Amino acid sequence: MESPERGQLGTSGSASQADEHMIIKDIPKEEKWLPGNAACPGCGLSLGLRLMAKAIEHPVVVMPASCGSVVQGGWPKSSASFPLLNIAMAAAGSAASGVSEALEALGKKGTVVAWAGDGGTADIGLQALSGAAERGENIIFVMYDNEAYMNTGIQRSSSTPHGAWTTTTPEGKREFKKEVAHIMMAHNLEYMATASVAFPTDFIEKLRKAEAHKGTKFIQLFSPCPPGWRIDYSKSIEVGKLAVQAGVWILYEYENGKVSISPISRPYLDAKKRRPLKDYLSLQGRFANVDEREATEIEKSVVEKWRFLSRFM
Amino acid sequence: MADKDESSNYIVPAADSKSKALLLRYPISLPDFGSGGKTNQWRLQMPVIDQDKCIKCIICWADCPEATIHRKSDDSVEINYDYCKGCGICANECPTKAIRMVDE
């Protein structure tokens, strides 16, 4: 598809930003996330970790219990060729704070990245993350959002969208997705952004921007999960693109109290340019039970989300 | 920092003349290929590149979750069949359909 998502878009809306955006050929060649790991085929998280390791020169990763702790593979091998600390599920924010302080005290190089799933962020790790954000610890917190507890067998999390099937919501989830990004906006962070694994250059740019800021930075990364979303392994990038094109997933940045929609999502500010929501829902088996009435409700929540963000623009 | 001996134990050297060196059995994993085993056995279909159709856009390389597509210096690509899990993202995303999935 010849759209700005592949980095061909030359200009950005804000004059203060650099005119040139990253293109695919600018992505560093070095692979720090090694092949032969234990991730499922087509895993969005695995791609996310690979891109993160490319974007940040010396990452020091703190990983609570999640799919992320499984995909590293079995002892004595690890697919991560960067320092990685596995810790308890609720402790991502606090452990990352400790590692960041330790690096500073020892005068060592490294960017601390807390890499937690939506369960370890929106449900179980929210308190520790909120504490770290309030203290302004120098960390980048990445929430890779695959919209359920995939590691333990697809149970609903508070980040699961309305209507989605999981093993604990066999008829589709009744509640709506918790907007963790909005909660983090309320913490008045230096830098907050949403990204998607389907747009590698955008994600890398945002990570680098986050690295340049002091204090707590938060990135919510849309990360499709083929087994959990009931899609073909080859479709995880396609679903990620569709989510953005349908306006379900909005790529934006929050800096100095202002929201700026990223170039890729900017065309979809105009509701007429969005792809029909049906295209996004019908591709995924988890939305098989969504009927006409529920689809309208999801549509309404999408419109409401855009309206909410436009208040901060 | 700690050194590793033959039996995967870690020796932390003595900090000063009064203390002793420590032998630790930390559950530390070291980076290596194939931490999940030979993942090519998971594959039902394998991607095959038609180099004539390839326009060197390297979208397949950027989108491969597995880092099994090798980007050469001239931006042509090569697949590492030892670890490719055959997810088919490369074939699905290729703009010129230069990558085909064929049965093993």
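Before reading further, recall that the structure is shown in the block above.
A few points on the structure. (Residues numbered from 1 in each chain as written. Chains lettered and ligands numbered in written order. Predicted model: local features only at pLDDT ≥ 70, side-chain atom pairs only at ≥ 80, totals over all residues. Heavy atoms only, no water.)

## Brief notes about the overall build of chain B
At step 1: Within chain B one finds 2 helices and 8 strands.
At step 2: Per-residue burial over chain B gives 40% buried out of 104 residues.
At step 3: Pairs at least 24 residues apart make up 50% of the contacts formed inside chain B by residues separated by at least 6 positions. (Helix = DSSP H or I, 4+ residues; strand = E, 2+ residues; numbered from the N terminus. Buried < 20%, exposed > 50% of the residue type's maximum accessible area, 1.4 Å probe, protein only. Contact = heavy atoms within 4.5 Å.)

## Details of the packing of aromatic side chains
At step 1: One pass over the full model with this rule turns up 7 aromatic pairs over all chains.
At step 2: Relative to Tyr83(B), the ring of Phe33(B) has its centre 6.0 Å away and its plane inclined at 75 degrees; by these criteria the two rings are edge-to-face. Taken together, the positions of Phe33(B) in the loop between β4 (30-31) and β5 (45-49) and Tyr83(B) in the loop between β7 (77-79) and α2 (89-93) put the pair 50 residues apart, joining distant regions of the chain.
At step 3: Pairwise contacts between aromatic rings join Phe222(A), Trp229(A) and Trp249(A) into one cluster. (Phe/Tyr/Trp six-rings, centres within 6.5 Å; stacked < 30°, edge-to-face > 60°.)

## Remarks on the interface of chain B and chain A
Interface size is often expressed as the accessible area that is lost when the parts come together.
At step 1: With 39 residues of chain B at the interface, the matching set in chain A holds 41 residues.
At step 2: Contact with chain A buries area across many residues of chain B, yet Ser35(B), Trp61(B) and Pro65(B) alone supply 18% of it, more than any other trio.
At step 3: Taken together, the links from chain B to chain A amount to 2 salt bridges.
At step 4: The salt bridge partner of Lys241(A) is Glu93(B), with a shortest N-O separation of 2.7 Å.
At step 5: Inspection of the chain B/chain A interface yields 26 residue pairs in polar contact (both at pLDDT 80 or more). (Buried area = accessible area lost by both parts, 1.4 Å probe. Salt bridge = Lys/Arg side-chain N within 4 Å of Asp/Glu carboxyl O. Polar contact = N/O pair within 3.5 Å; in protein donor to acceptor, adjacent residues only side chain to side chain.)

## Here's the deal with helix α9 (residues 236-245) of chain A
At step 1: The buried count for α9(A) comes to 9 of 10 residues, which makes it a mostly enclosed element.
At step 2: Considered for burial, the residues of α9(A) that qualify are Ser236(A), Ile237(A), Val239(A), Gly240(A), Lys241(A), Leu242(A), Ala243(A), Val244(A) and Gln245(A).

## Comments concerning the packing of helix α3 (residues 92-106) of chain A against helix α5 (residues 126-135) of chain A
Think of two packed helices as two axes; the pair is described by the angle between the axes and how far apart they sit.
Residues and elements named next belong to chain A.
At step 1: One can describe the packing of α3 onto α5 by two numbers: an axis separation of 6 Å at closest approach and a directional angle of 40 degrees. By the angle between their axes, α3 is oblique relative to α5. Between α3, through Gly 93, Ser 94 and Ser 97, and α5, the contact on the second element is made entirely by Ala 128, Leu 129, Ala 132 and Arg 135.
At step 2: Grouping the amino acids of the contact of α3 with α5 by side-chain chemistry returns 3 nonpolar, 3 polar and 1 charged. (Axes fitted to C-alpha atoms, helices over the stretch in contact; angles between N-to-C directions. Parallel < 35°, antiparallel > 145°, perpendicular 65-115°, else oblique. Nonpolar A, V, L, I, M, F, W, Y, C, P; charged D, E, K, R; others polar.)

## Structural notes on the pattern of salt bridges
Close approach of charged atoms lets side chains of opposite charge pair.
At step 1: Tallying each qualifying case throughout the model produces 22 salt bridges over all chains.
At step 2: We note a salt bridge from Lys209(A) to Glu253(A), for which the minimum N-O separation is 3.0 Å. With a gap of 44 residues between them, Lys209(A) in helix α7 (residues 200-212) and Glu253(A) in strand β8 (residues 252-255) connect regions that are remote in the sequence.
At step 3: For Glu253(A), a relative accessible area of 7% corresponds to the buried category.
At step 4: Here Asp75(B) and Arg71(B) are joined by a salt bridge, their closest N and O atoms 2.7 Å apart.
At step 5: Residue Arg71(B) is classed as buried on the basis of its relative accessible area, which comes to 9%.

## Observations regarding the side chain of Ser158(A)
Residues and elements named next belong to chain A.
At step 1: If you trace the backbone, Ser 158 turns up in the loop between β5 (140-145) and α6 (180-185).
At step 2: Polar contacts involving the side chain of Ser 158 include one to the side chain of Asp 123, which spans 2.3 Å.
At step 3: Non-local contacts of Ser 158, meaning those with residues more than four positions away in its chain, are made with Ala 122, Asp 123, Lys 173, Phe 176, Lys 177 and Lys 178.

## Overview of the state of the cysteines
Residues and elements named next belong to chain B.
At step 1: Counted according to the given criterion, the structure contains 0 disulfides over all chains.
At step 2: Considering cysteine sulfurs only, Cys 87 is the nearest to Cys 64, which forms no disulfide, with 6.3 Å between them.
At step 3: Looking at Cys 87, it has no disulfide partner, and the nearest cysteine sulfur is the one in Cys 90, 6.2 Å off.
At step 4: Taking relative accessible area as the criterion, Cys 87 reaches 15% and is therefore assigned buried. (Disulfide = S-S within 2.5 Å.)

## Considerations on the nonpolar core
At step 1: The biggest cluster of nonpolar side chains holds 111 residues, and the ones touching the most others in it are Met52(A), Trp115(A), Met192(A), Leu207(A), Phe218(A), Tyr252(A) and Tyr280(A).
At step 2: Setting aside its immediate chain neighbours within four residues, Phe218(A) contacts Thr121(A), Leu129(A), Phe141(A), Met143(A), Val180(A), Ala181(A), Met184(A), Leu189(A), Tyr191(A), Met192(A) and Ala193(A). (Core = buried A, V, L, I, M, F, W, Y, C linked by side-chain atoms within 4.5 Å.)

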